Amino acid sequence: MRGNKSVNYNKSILLARANIRRGKGQTAAIVMLVLLSSLMMNLWLMLSTDYRKNFDRCHDRLNDGHINLAAYVTGEDFKEFFTAALEKRPDITEFTISDGFCAPFSFKYNGGEITHLGVLLEKEDALSRKAGKFEITEDSDYKSGIYLPMLYGTRNNYAAGDRIKITLLGEEFEYTVCGFFNSAMIGSHNCGMMALLLTEDKFEEFSSESCALKSVYASVRVKDISKSESVSAELKDAISKEFPDVVVTGNNYEMIAVSRYVSQMICSGILSAMAFLVLLIGVVIIVSNIANYIRENMRNLGALKAVGYMSGQLVFALLAQFAGISLIAALIGTAVSYCIFPEINSMMIAQTGIPYAVKFQLVPILFTLIFISGVVSASVYFSAKKIKKIEPITAMRQGIATHSFKKNHVELEKTHLPVNAALAMKTTFGGLKQNITVCVTMLVISLILVFSATSFRNTIIDIKPMIEMIAGEHADSAININPNREEELIEKLREDGRVEKFYLFTNNNMEVQHVGGLSLAVSVTDDCSKLNNRSLIIEGRFPRYENEFAVAAKYAKDNGIRVGDEIALRIGNSEEKYIISGFLQCTNNLGKDCLMIREGYEKLSPVPNVTYYINLEEGTDIDGFNGELSDRLGSDVNSLQNIRLIIESVGGVYVLLMTFLVIAIVIISCIVIVFVMYLLIRTVLNGKKRDYGILKALGYTTRQLVTQTALSVMPSVTLSAAVGIFVSIQLINPLMTVFLSGVGIVKSILTVPVDICIAAGIILVAFTFAVACLMSLRVKKISPIELISGE
Amino acid sequence: MKEILLKTESLSKSFSSGGALQHVLKNVDMEIYRGDFTVIMGASGAGKSTLLYALSGMDTPSLGKITFGDQVISDLNSDGLAVFRREHCGFVFQQIYLIDSMSVFDNVMAAGLLVNKDKSALVIRAGELFAAVDIPEKTQRKFPAQISGGEAQRAGIVRALINSPEILFADEPTGALNSKTGLEVLNTLTEFNKQGQSVVMVTHDMRSARRGNRILYLKDGFILGECDLGKYRPNDRERHGKLSEFLAKMGW
Amino acid sequence: MRNGVVTVALIIMFALELTLLIWFAFRKTEGGQDTVAVNEAVQSVRGDWRDMASHVNKTELDYVVLDSGGKVIFKTKEGLSESVNAAVAHRDTILDIEVGGCVSGKIIVYNAGSDALESSRNVLALVFGISAAVQISLCVGYLFYLYRAVIKPFRGLKGFAERVAGGNLDIPLEMDRDNLFGAFTESFDIMRSELKKAKLAEAQVNASKKELVAKLSHDIRTPVASIKALSELGAALFENEKTRETFGRINSKADQITTLAGNLFSAALEELRQLTVTPSDMPSGELSGMLENADYFNKARISDIPECMLYADKLRLQQVFDNIFANSYKYANTDIEVRIFLQNKRLAVEIEDRGGGVNAEELPLLKEKFRRGGNSVGVDGAGLGLYISDRFMTEMKGELIIENGSAGLKITVLISLSGNN
């Protein structure tokens, strides 16, 4: 009876093709959603796998150190001691020490200014290092000048031949940019310290002219990378015991591997979330579509079964249809992702500062294809299982499945709604499946919207909350001076009418050793109540007494420390116990920070140099003010920073990234809404063809029916958008915490712009209504006469 | 002279089927008079329903002109037609066409609210009509699927009359009913006609046709002949004879 | 649907209870003191030690401060442990106050944890009590519903099944649409009506089979009769037994073949007619295209065409127009006026040129075969056109009228409207 099996399966394919042909719009919508999803999924996978590994490759290629230390010294004896100390340790495999200069410097960048701790090295020397090599990424014919990290060559900041002015300890130097270099560990301002390479003549010139301290820069490779942090801590400890006045700063592999890929992490996090959300919408649509298909084609399916098709064949036909379509769409999606990747790459490089060549990667594609077609197939299979329950006879009668003893929702006699709205409500209550689709879509879209609004608010409108979360404390200006001029500075600041407030906030290369743990970067303030960033503490409170301190939340979580615990801290040889008053959130040192009040710190050691953060009155010229301070205090000023400007220039990269993301997200949301509405309205209209024919015959105009159809989806749209936005507003910070946990964020404190979210929600609802109206124009095609002759 | 309600001039309607044009109505010139119970008869396929739907503004004619008072309805666009239908026409369909997802009462209200904004007046009017067609309150609350065909068709008549239309169009109103319920529906229509309601009914059933006072016979898309029967009286042999004679002449 | 709601409600309740239980079980019992707050209390007391009268509690804790002699010098409220001994009994925190390096007093921080535990236990009991009550009532309600929705309708089904089994298919199953088994019972009823239909259909098929057999047997009787007659005749004429037999057979077969062939031929012959005019319905709008087609020198001014349905052979009508226009070009070669209007249930197409017309006596002759007008001298032509055109129009139930108009020859093509034949 069943005949040749392969023949029957061919028929299944035919059925599938007939299906596709009948539902062109539906197919287009599913293709679009799957395409978007696979596009983002592939990008996400590429970013989070190979892109991430790029750092390791770069690090290996340059044989860079797992620990990099820079020490300000004067005498030769330190270098000897240091070399000996490194050689002595069995867990160090290789190291290279170079002479150079180490000082905070600043230059113009991204329309603002970048101030960073710099390591100046001689170019040839730097290129020939065994460990911690540098490579030139762009060279030119200029033979005398400076080489910059390649990050500064992106986005039209500097090009070979440009003149660059570098301010260093109050002195200004001007060089010609000769080219750009790449370094894994000190190649950008994300690295704790940043290298600048001078050509030999300029290096000599600098040595003789500058008052910068001579220093040594060491790249150290260790056997066990996971120990790099503790080795670094032990080395610093050893140095501070022997040479208490030598200031050592450094970074290590784990810290840099994360901090240079912050944007990549944010981007891939968002992409993955979007990919899954769009796929979710796609799946919901497929499921509701199949349910709809089965309902509409009950009679046909029954007839096919009656002539001998097996349920499996019918399910297989659907499966072949959807899986085939989504496989093709996913393939196109991955292809498109390769077109977009270079653009994303160039944006990423502006933050990572490490060159990356886009290349074909099989694994992400395979994963994307298999995952997407798997999910689609599974959802098709489970929703098509209903076909198995169809009995040929009952299906052909079409009586049973559609039979429902429904309630008369919205009685026209009693309702106060206008008749169009009332009829729309009837449709709303009649179609539960549509409502579910709408709800899922709207919930997802409102989450996406709230995310975009929050990103928009915290980068583009006002970057302060983002800076507070990521960078910690901020003010208008910061001055670092030698402690002996502190009294004078305070007096000067007190007298100055432009100064709103000032407070000690010093953290220049200051570290304390957690006894039994790692060394922590410490910030010391004289009065926690004056700090501008009130969200620095995310649990507990600011330290108030000398025996209290606040520790970074990430460090605390990693080490099982709770608020209220008492731990011992050590500087050099003195050790004290402190109660933890609260947890700090700051990513500067990837969650290895702590905050103390001055009295507390001074129990261990005097403050080596003091930085005062200054808030100026609105409209004060910060650079001018800094200039005055510098004139007055002269050479005792170690550094003066215009923090506002720094925030602007560093934030610029994030602003750019977020602008791109927000635009992409808005476009994707619009596409998704259009397609979902298209499918939904199509389903509603197919289901209500007869009813609409009757209503038209009764004298309802096309416009009234269009309004009715569009209105019928509005209750669920409005409700779920409202709920979605409300829930998302609550959820967005915890979600951001998850996204950003890698960079040391334990509790996201971004400002959620409720007003923008609500406005966006209203626009969303209005847009959806407009799209629904547009899609409902298909009502035009339904004519009363068709109904009469069609039966 | 009777007042002309609807008038057609050279009304033609063509459909394309499989690429070839099929002309269903050809040069129909006719008038419908106020207060008449006009019956359009003809064999199946003669274009009766097509004529009815063209007359009632459900469909636009391919050629020719239809005037209602001084309004040329054949020139209206689809929305204009919808407004014409809701304001001046009532429909009773062979397949009844109540909306399944609404209660019987709401079916009537959905038509009524379209024209009449005064809800309480509408409810009263609906009540009167339901009483006239003998549908009790309880049945009004049920769904179309839960009531009998006869009840449904009478509800259909209530829906058609809720806006007090100038013309009631009925397309084989008894076609889907058994003879007993069909008779009830015919009685209802006759009763409303007696009260002055103009009715245009399409049928191919002689028993239904007897109810009319004016019979138009349609053949192959044009009006072959017409016959004035005079007002309906039950069991009027002379009238029956006249109708039979007319139909015989027409080749029925 | 309703049982779904109940099930979901029950599941949600259970889930809620379970989460509550787990939460209670794994909740950290905050028995210990908040060390940060205690530190704040200690530090603030230290700071204010010289002047305890002005001391203000900066924390949310309750505490008592004793001097070195055990005397209470500060307390946040009454009812706290006011001696070291009472504090030990209540598990309060006792700390020394050091001022200037020596112990100057003690601070007893009240242990509030034990009170909190008590109250949370009460809340738990209440929550579980309420939820148990709700669950029980849900279950009872559901059981009642099940009885009404399942057990009662099932009893009703029993009698129905008996009737069907007994062959009585006329009584429908009463459906209570409100119960859970509405659809189920309906399918039973569908089964009943299907059975009934099948029974009826079977009876009908049987009847029509009988009819066919009766008809065929009647039809066969006639040839059988003639075979019989001929064989009788053959038998009468010939002596030879074999010849007689054969004769009879041949005769009968030949007869059958003639009838069958006759039918076939008459059907085929019908189609062999030439120059047929097969009029059909045609919208009047198509005329304008046809006229423009015929007027290939663009000399005609064509009036509006009234909308109606024509009865005409498109091909032949086009030939008629072609002919009229060609004649006009040939003999008059002037502008042509085309007026189209309805006339007497026919559509008149009046085509008039300005060539002066023909002699009045020639007019009736123009439509004859091989006849040409007096002005045809020097112009080619056979004179067949108007004759054929006239025939075409007649066959289309129309008419071709030739007359002299005010300016020239006026030919009126009257096309019949469909529906008037």
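Residues numbered from 1 in each chain as written. Chains lettered and ligands numbered in written order. Predicted model: local features only at pLDDT ≥ 70, side-chain atom pairs only at ≥ 80, totals over all residues.

**Let's talk about the overall build of chain C**
Right, so step 1: Summing up its helical and strand segments, chain C has nine helices and 11 strands in all.
Right, so step 2: Buried residues in chain C amount to 19% of all 421 residues.
Right, so step 3: Excluding contacts between residues fewer than 6 apart, the proportion of contacts in chain C whose partners are at least 24 apart in sequence is 56%. (Helix = DSSP H or I, 4+ residues; strand = E, 2+ residues; numbered from the N terminus. Buried ≥ 20, exposed ≤ 12 C-beta atoms within 10 Å, placed from the backbone. Contact = placed C-beta atoms within 7 Å.)

**Remarks on the overall build of chain A**
Right, so step 1: Regarding its fold elements, chain A presents 26 helices and 21 strands.
Right, so step 2: The proportion of buried residues among the 791 residues of chain A is 50%.
Right, so step 3: Residue pairs in contact within chain A that sit at least 24 positions apart in sequence constitute 83% of those at least 6 positions apart.

**Quick word on unusual backbone geometry**
Residue and element names in this part refer to chain C.
Right, so step 1: Phi is positive for Asn298, which is not a glycine, with a value near 60 degrees.
Right, so step 2: Topologically, Asn298 is positioned in the loop between α7 (286–294) and β6 (300–302).
Right, so step 3: Its 9 C-beta neighbours within 10 Å are what place Asn298 among the exposed residues.
Right, so step 4: At Asn333, a position not held by glycine, the phi torsion is positive, near 55 degrees.

**Overview of the pairing of strand β18 (residues 574–584) of chain A**
Residues and elements named next belong to chain A.
Right, so step 1: Bridge count for strand β15 (residues 537–540) against β18 is three bridges, and the pairing is antiparallel. Counted as the bridge partner of Ile537 is Leu584 from β18.
Right, so step 2: Direction of pairing for strand β16 (residues 548–552) relative to β18: parallel, over a ladder of five bridges. Considered in β18, the bridge of Val551 is made with Phe583.
Right, so step 3: In this structure, strand β17 (residues 566–571) lies alongside β18, joined through six bridges in antiparallel fashion. Directly across from Ala568, in β18, lies its bridge partner Lys577.
Right, so step 4: Between β17 and the antiparallel strand that follows it, β18, lie two residues; Gly572 among them carries a positive phi value of about 60 degrees. (Pairing = 2+ DSSP bridges.)

**Examining the pairing of strand β11 (residues 477–481) of chain A**
All names here are of chain A.
Right, so step 1: The buried count for β11 comes to four of five residues, which makes it a mostly enclosed element.
Right, so step 2: Summarising the sheet, β11 and strand β20 (residues 610–616) pair through five bridges and their orientation is antiparallel. The residue bridging Ile481 from the neighbouring strand is Val610, located in β20.

**With respect to the packing of helix α16 (residues 432–461) of chain A against helix α25 (residues 754–776) of chain A**
All names here are of chain A.
Right, so step 1: Two numbers describe how α16 lies on α25: the axes approach to 9 Å, and their chain directions differ by 140 degrees. Taken together, the axis directions place α16 and α25 in an arrangement best described as oblique. Considering how the two elements wind past one another, α16 and α25 form a crossing that is right-handed. In contact with Ile445, Ser446, Leu449, Val450, Ala453, Phe456 and Arg457 of α16, α25 contributes Ile756, Cys757, Ala760, Gly761 and Leu764.
Right, so step 2: Classifying every residue of the contact of α16 with α25 by side-chain character gives nine nonpolar, two polar and one charged. (Axes fitted to C-alpha atoms, helices over the stretch in contact; angles between N-to-C directions. Parallel < 35°, antiparallel > 145°, perpendicular 65-115°, else oblique. Left-handed = near helix turned anticlockwise from the far one by under 90°. Nonpolar A, V, L, I, M, F, W, Y, C, P; charged D, E, K, R; others polar.)

**Some words on the sheet that holds strand β3 (residues 37–41) of chain B**
All names here are of chain B.
Right, so step 1: Across the sheet, which stays open at both edges, the six strands sit in the order β6-β7-β8-β3-β9-β10 with mixed pairing between neighbours. Both edges of this open sheet fall to β6 (89–92) and β10 (222–228), since each of them pairs with a single strand only. Averaged over all pairs of adjacent strands, the angle between their axes in this sheet comes to 20 degrees, without regard to strand direction.
Right, so step 2: Sheet topology note: the β3/strand β9 (residues 214–219) ladder contains four bridges and is parallel. Paired with Met41 across the strands is Tyr217, a residue of β9.

**Topic: the interface of chain B and chain C**
Right, so step 1: In this complex, chain B contributes 12 residues to the contact, which on the side of chain C involves 10 residues.
Right, so step 2: Elements supplying a minimum of two residues to the side of chain B that touches chain C: β1 (4–17), β2 (20–33) and β4 (63–68) of chain B.
Right, so step 3: Of the residues contributing to the side of chain B that touches chain C, the split by class is two nonpolar, nine polar and one charged.

**Considering the interface of chain A and chain B**
How big an interface is tends to be reported as the loss of accessible area on association of its parts.
Right, so step 1: Counting residues at the interface gives 23 residues for chain A and 25 residues for chain B.
Right, so step 2: If you list the elements that add at least two residues to the side of chain A that touches chain B, you get α15 (419–430), α23 (689–698), α24 (702–740) and α26 (784–790) of chain A.
Right, so step 3: In terms of residue count, α23(A) provides more of the side of chain A that touches chain B than any other element does, five residues in total.
Right, so step 4: Its residues assigned to classes, the side of chain A that touches chain B shows 10 nonpolar, five polar and eight charged.

**Quick word on the sheet that holds strand β5 (residues 71–72) of chain B**
Residue and element names in this part refer to chain B.
Right, so step 1: Ordered by their spatial adjacency, four strands build an open sheet running β2-β1-β4-β5, and the pairing between neighbours is antiparallel. The strands lining the two open edges of the sheet, one partner per strand, are β2 and β5.
Right, so step 2: Examined bridge by bridge, β1 and β4 share five bridges and lie antiparallel to one another. In the strand pairing of β4, Leu6 is matched with Phe68.
Right, so step 3: Of the strands in this sheet, β1, β2 and β4 are in contact with helix α1 (residues 48–55), which crosses β2 at around 60 degrees.

**Some details on the nonpolar core**
Right, so step 1: The biggest cluster of nonpolar side chains holds 319 residues, and the ones touching the most others in it are A:Val278, A:Leu584 and A:Cys594.
Right, so step 2: Considering every element that reaches this core, the biggest residue donor is helix α22 (residues 643–687) of chain A, with 21 residues.
Right, so step 3: By size, the runner-up hydrophobic cluster in this structure holds 36 residues, among which are C:Tyr311, C:Phe392, C:Met396 and C:Leu409. (Core = buried A, V, L, I, M, F, W, Y, C linked by C-beta atoms within 7 Å.)

**A few points about the confidence of the model for chain A**
Residue and element names in this part refer to chain A.
Right, so step 1: The pLDDT averaged across chain A works out to 81; a share of 93% of its residues lies at or above 70.
Right, so step 2: The least confident element of chain A, judged by mean pLDDT, is helix α1 (residues 5–22) at 60; the most confident is α25 at 91.
Right, so step 3: Overall, residues 1–7 carries pLDDT values under 50, and its contacts beyond four positions in sequence, including any with other chains, amount to four contacts. (pLDDT = per-residue confidence, 0-100.)

**Concerning the environment of A:Glu200**
Residues and elements named next belong to chain A.
Right, so step 1: With respect to the helices and strands, Glu200 occurs in helix α6 (residues 200–209).
Right, so step 2: Given 13 C-beta atoms within a 10 Å radius, Glu200 is considered partly exposed.
Right, so step 3: When the C-alpha atoms of Glu200 and Glu124 are compared, they prove to be 7.5 Å apart, with 76 residues separating the residues in sequence.
Right, so step 4: When sequence neighbours within four positions are dropped, the list of residues in contact with Glu200 reads Glu122 and Glu124.

**Points about the environment of A:Thr611**
Residues and elements named next belong to chain A.
Right, so step 1: Inspection of the secondary structure assignment puts Thr611 in strand β20.
Right, so step 2: Judged by local crowding, Thr611 falls into the buried class, with 22 C-beta atoms found within 10 Å.
Right, so step 3: Put simply, Thr611 and Thr525 are 86 residues apart on the chain and 9.2 Å apart in space, counted from C-alpha to C-alpha.
Right, so step 4: Those residues in contact with Thr611, other than ones at most four positions away along the chain, are Ala478, Ile479, Asn480, Phe505, Thr506 and Asn508.

**Focus on the confidence of the model for chain C**
Residue and element names in this part refer to chain C.
Right, so step 1: In this model, chain C carries a mean pLDDT of 76, and residues with pLDDT of at least 70 account for 76%.
Right, so step 2: For residues 214–218, every residue scores under 50 in pLDDT, and the model assigns this stretch zero contacts once sequence neighbours within four places are set aside.
Right, so step 3: Here residues 377–383 scores under 50 on pLDDT; set against residues more than four positions off or in separate chains, the count is nine contacts.
Right, so step 4: ipTM for the predicted complex: 0.90, alongside a pTM of 0.69.

**Some thoughts on the packing of helix α2 (residues 24–48) of chain A against α22(A)**
Residue and element names in this part refer to chain A.
Right, so step 1: Between α2 and α22, the least distance of the axes is 10 Å, while the angle of their chain directions is 150 degrees. With respect to their mutual orientation, α2 and α22 come out roughly antiparallel. Helix-helix and strand crossings are classified by hand; for α2 and α22 the assignment is left-handed. Facing Gly25, Gln26, Ala29, Met32, Leu33 and Leu36 of α2, the residues of α22 in contact are Ile668, Ile671, Val672, Phe675, Tyr678, Leu679 and Arg682.
Right, so step 2: Considered class by class, the residues forming the contact of α2 with α22 number 10 nonpolar, two polar and one charged.

**A word on helix α8 (residues 314–331) of chain C**
Residues and elements named next belong to chain C.
Right, so step 1: End to end, α8 covers 26 Å across 18 residues, agreeing with the expected 26 Å (1.5 Å per residue, within 8%).
Right, so step 2: Looking at the buried side of α8, the elements it contacts are α7, β7 (309–312), β8 (336–343), β9 (346–353), α9 (385–395) and β11 (409–416).
Right, so step 3: Looking at the residues trailing α8, positive phi occurs at Asn333, about 55 degrees. (Expected span 1.5 Å × (residues − 1).)

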